[in-house]
Amino acid sequence: MEYLQGEELGNRVRRDGALPPARIVRIIAQLADALEHAHSFGVIHRDLKPDNVFLVKGEGGDIVRILDFGSVKLQVETGAKLTAFGTTLGSPYYMSPEQAMGKQDVDSRTDVFACAAILYEMLTGKIAFEGSNVAQILMKIMNEQPPGPSMLGNGVPAGLDDVVDKGLRKDKNRRYGSVRELADGAVRAYGLSGTARDWAQKPQSEIDAALAASTPPAPKPFGSESLPPPPRAGARCRWATRRRA
């Protein structure tokens, strides 16, 4: 097996709390690349957590390796035995709602949910769904949303609240369709151009410089996408404030 010198992401967060933005960008970008490669073969990890994300020391910064594919499900195999195996396997803190409910149709979006929970932890130093026992954790996963990362300090851009929220949607059909989309959303929320893949292998010092020169886009006002444009000056108003459905 490959010899890895470094530490698990979980150890790093437990010891030091939230990560610096440049390190987050590099880690989430490489994590997305690795998972997209696995997903392209129909392989779903199903047990992603910070302790399964290993940070190898590299000259330009972290080199991400994903560990422990012991709970994988091969989408290309649909036999009843494989479907039944490990339906609810996974670490409870990062388990998707569909996993928590023991549903059979678990797909790559369960890894999207776990990655969003890992991103939340890198941004805040806190677990997104915390509880004193497994049942409490699973109830929160199925029924609650954590507070936005920007609300917990650390200077997190407000745009990342929307990114994390979409990645942690209870209904998998309302989540990002892929981990790469989640990572791209995080990159844009930091005000960086291009896609996450463009930043995955850039030295952390270069990402730091780009972040210092960037201005994160302001988040849209809540509900603004549902309102029609204001009437022209002098024109009769044909609309009133609309309630959100």
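Structure shown above.
Residues numbered from 1 in each chain as written. Predicted model: local features only at pLDDT ≥ 70, side-chain atom pairs only at ≥ 80, totals over all residues. Heavy atoms only, no water.

1. Notes on the environment of Arg26
Next up, step 1: Take Arg26: it is sitting in helix α2 (residues 21–40).
Next up, step 2: In sequence terms Arg26 and Ala196 are 170 residues apart; their C-alpha atoms lie 8.2 Å from each other.
Next up, step 3: The residues contacting Arg26, other than those within four sequence positions of it, are Gly60, Gly61, Asp62, Ile63, Ala200, Gln201, Lys202, Pro203, Gln204 and Ile207. (Helix = DSSP H or I, 4+ residues; strand = E, 2+ residues; numbered from the N terminus. Contact = heavy atoms within 4.5 Å.)

2. Thoughts on the sheet that holds strand β1 (residues 6–8)
Next up, step 1: Spatial ordering of the open sheet is given by β1-β3-β4, a layout of three strands whose pairing is antiparallel. With one partner strand each, in any of the chains shown, β1 and β4 (61–66) form the two edges of the open sheet. Neighbouring strand axes in the sheet, compared pairwise and without regard to direction, differ in orientation by 30 degrees on average.
Next up, step 2: Both strand β3 (residues 53–58) and β4 contribute to a ladder of six bridges, which runs antiparallel. Bridge pairing in β4 places Lys57 opposite Asp62.
Next up, step 3: Of the strands in this sheet, β1 and β3 touch helix α1 (residues 9–16), which is tilted by about 80 degrees from β1. (Pairing = 2+ DSSP bridges. Axes fitted to C-alpha atoms, helices over the stretch in contact; angles between N-to-C directions.)

3. Some words on the nonpolar core
Next up, step 1: Core analysis: the largest hydrophobic core is formed by 56 residues, its most contacted members being Leu9, Leu119 and Met122.
Next up, step 2: Of all the elements, helix α5 (residues 109–124) adds the most residues to this core, at 11 residues.
Next up, step 3: Non-local contacts of Leu119, meaning those with residues more than four positions away in its chain, are made with Ile24, Ile28, Val163, Val164, Leu182 and Ala186. (Core = buried A, V, L, I, M, F, W, Y, C linked by side-chain atoms within 4.5 Å. Buried < 20%, exposed > 50% of the residue type's maximum accessible area, 1.4 Å probe, protein only.)

4. Looking at the packing of aromatic side chains
Next up, step 1: Considering all chains together, one arrives at two aromatic pairs under this definition.
Next up, step 2: Aromatic pair Tyr93 and Tyr94: ring centres 6.3 Å apart, planes at 65 degrees, arrangement edge-to-face.
Next up, step 3: Judged by relative accessible area, Tyr93 falls into the partly exposed class, the value being 28%.
Next up, step 4: Judged by centre distance (5.9 Å) and plane angle (15 degrees), the rings of Phe113 and Phe129 are stacked. Pair noted here: Phe113 is in helix α5 and Phe129 is in the loop between α5 and α6 (134–143), with a separation of 16 residues, a long-range link. Comparing Phe113 with Phe129, the two get one shared label, buried.
Next up, step 5: In this arrangement the basic side chain of Lys202 is found over the ring face of Trp199, its NZ or CZ atom lying 5.6 Å from the centre. (Phe/Tyr/Trp six-rings, centres within 6.5 Å; stacked < 30°, edge-to-face > 60°. Lys NZ or Arg CZ within 6 Å of the ring centre and 35° of its normal.)

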